[in-house]
Amino acid sequence: MNAITPEQLKARNRGRWTLVALFGLFFGVMALAGVLRFAGWQPAAHRNTGEVLKPVVDARALPPTLANGEPYPWNPDAHVWRILVAPAPDCAECVTLSQGLGKVWQLFGHRADNVEILWLGTPPAEVQGLPALRVLAPQPNLRAALPAVDDAAGTPVYVIDPNGFVIMRYAPGFELAGLRKDMATLLKLK
């Protein structure tokens, strides 16, 4: 029989400890990921700026009408996302909001054709030349269906998916860069 030398014993034990350390590292990372996942943590880069509505509002049940009297078609096959503004009649920040939304729309570049801005009521004159603007006739039933539309802090903005579901709400005074980031992510979806 061959006797194990102390050097061989040390080498064997070192190999075993290396294997135990690799298993510990692997399963430790998996356990940490599981804890973070079930605790609800998400990296900041994957968070939405707007509030995701649960449940979503089915705007297809309330078909909007354009200001000229024609019906506004949802047309899901066109993959057009909508930004909806439903201001109160005495909207003080609407000029600034409309100009900001126009800039956000322009920043979409070649994907701007897949975004429309719906304005419920009469928009400010500063935004009326925007190609993406669709002016909707005042519709109290559509406005009433929007969550927290009469916010005392100002005018919220909503995102509507190509199928006609209101999926996100941006509280008054939101950062336009956050809307742009969220919309850029949504525009990548097909």
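The preceding data block contains the structure.
What you see is a predicted model, and the numbers here were worked out from it, not measured in a lab.

A. Quick look at helix H2 (residues 94–107). Given a rise of 1.5 Å per residue, 14 residues ought to cover 20 Å, and the 20 Å separating the end C-alpha atoms of H2 matches this to within 8%. Listed as buried for H2 are Cys 94, Leu 97, Ser 98, Gly 100, Leu 101, Gly 102, Val 104 and Trp 105. Close packing links the buried residues of H2 with strand E2 (81–85), strand E3 (115–120), strand E5 (157–160) and helix H4 (176–187). Once H2 finishes, Gly 109 follows within two positions and takes phi at roughly 60°, a positive value.

B. Expanded view of the state of the cysteines. By the definition in use, this model includes one disulfide. Linked covalently through their sulfurs, Cys 91 and Cys 94 form a disulfide whose S-S length is 1.8 Å. Looking down the S-S bond of the Cys 91 and Cys 94 bridge, the torsion is 105°, so its handedness is right-handed.

C. Expanded view of the packing of aromatic side chains. Evaluation of the coordinates by the stated rule reveals four aromatic pairs. Measuring from centroid to centroid gives 6.3 Å for Phe 23 and Phe 27, while their planes differ by 10°, and the two rings are stacked. With a gap of four residues between them, Phe 23 and Phe 27 both fall in helix H1 (residues 6–39), about one helical turn apart. A relative accessible area of 49% places Phe 27 in the partly exposed class. Plain terms: the ring middles of Phe 26 and Phe 27 are 5.0 Å apart, the flat faces sit at 80° to each other, and that makes the pair edge-to-face. The side chain of Arg 37 reaches across the aromatic face of Phe 38, ending 5.7 Å from its centre.

D. Spatial organisation of the nonpolar core. In terms of nonpolar packing, the biggest core is built from 27 residues, with Ile 83, Trp 105, Phe 108, Val 159, Leu 179 and Met 183 touching the most fellow members. Ranked by residue count, the leading element in this core is H2, at five residues. The residues contacting Trp 105, other than those within four sequence positions of it, are Ala 112, Val 115, Ile 117, Leu 130, Pro 131 and Ala 132. Counting 18 residues, the second-largest nonpolar core is a separate cluster that includes Leu 62, Leu 84, Val 149 and Ile 160.

Conventions used here
Residues numbered from 1 in each chain as written. Predicted model: local features only at pLDDT ≥ 70, side-chain atom pairs only at ≥ 80, totals over all residues. Heavy atoms only, no water. Helix = DSSP H or I, 4+ residues; strand = E, 2+ residues; numbered from the N terminus. Expected span 1.5 Å × (residues − 1). Buried < 20%, exposed > 50% of the residue type's maximum accessible area, 1.4 Å probe, protein only. Contact = heavy atoms within 4.5 Å. Disulfide = S-S within 2.5 Å. Phe/Tyr/Trp six-rings, centres within 6.5 Å; stacked < 30°, edge-to-face > 60°. Lys NZ or Arg CZ within 6 Å of the ring centre and 35° of its normal. Core = buried A, V, L, I, M, F, W, Y, C linked by side-chain atoms within 4.5 Å.

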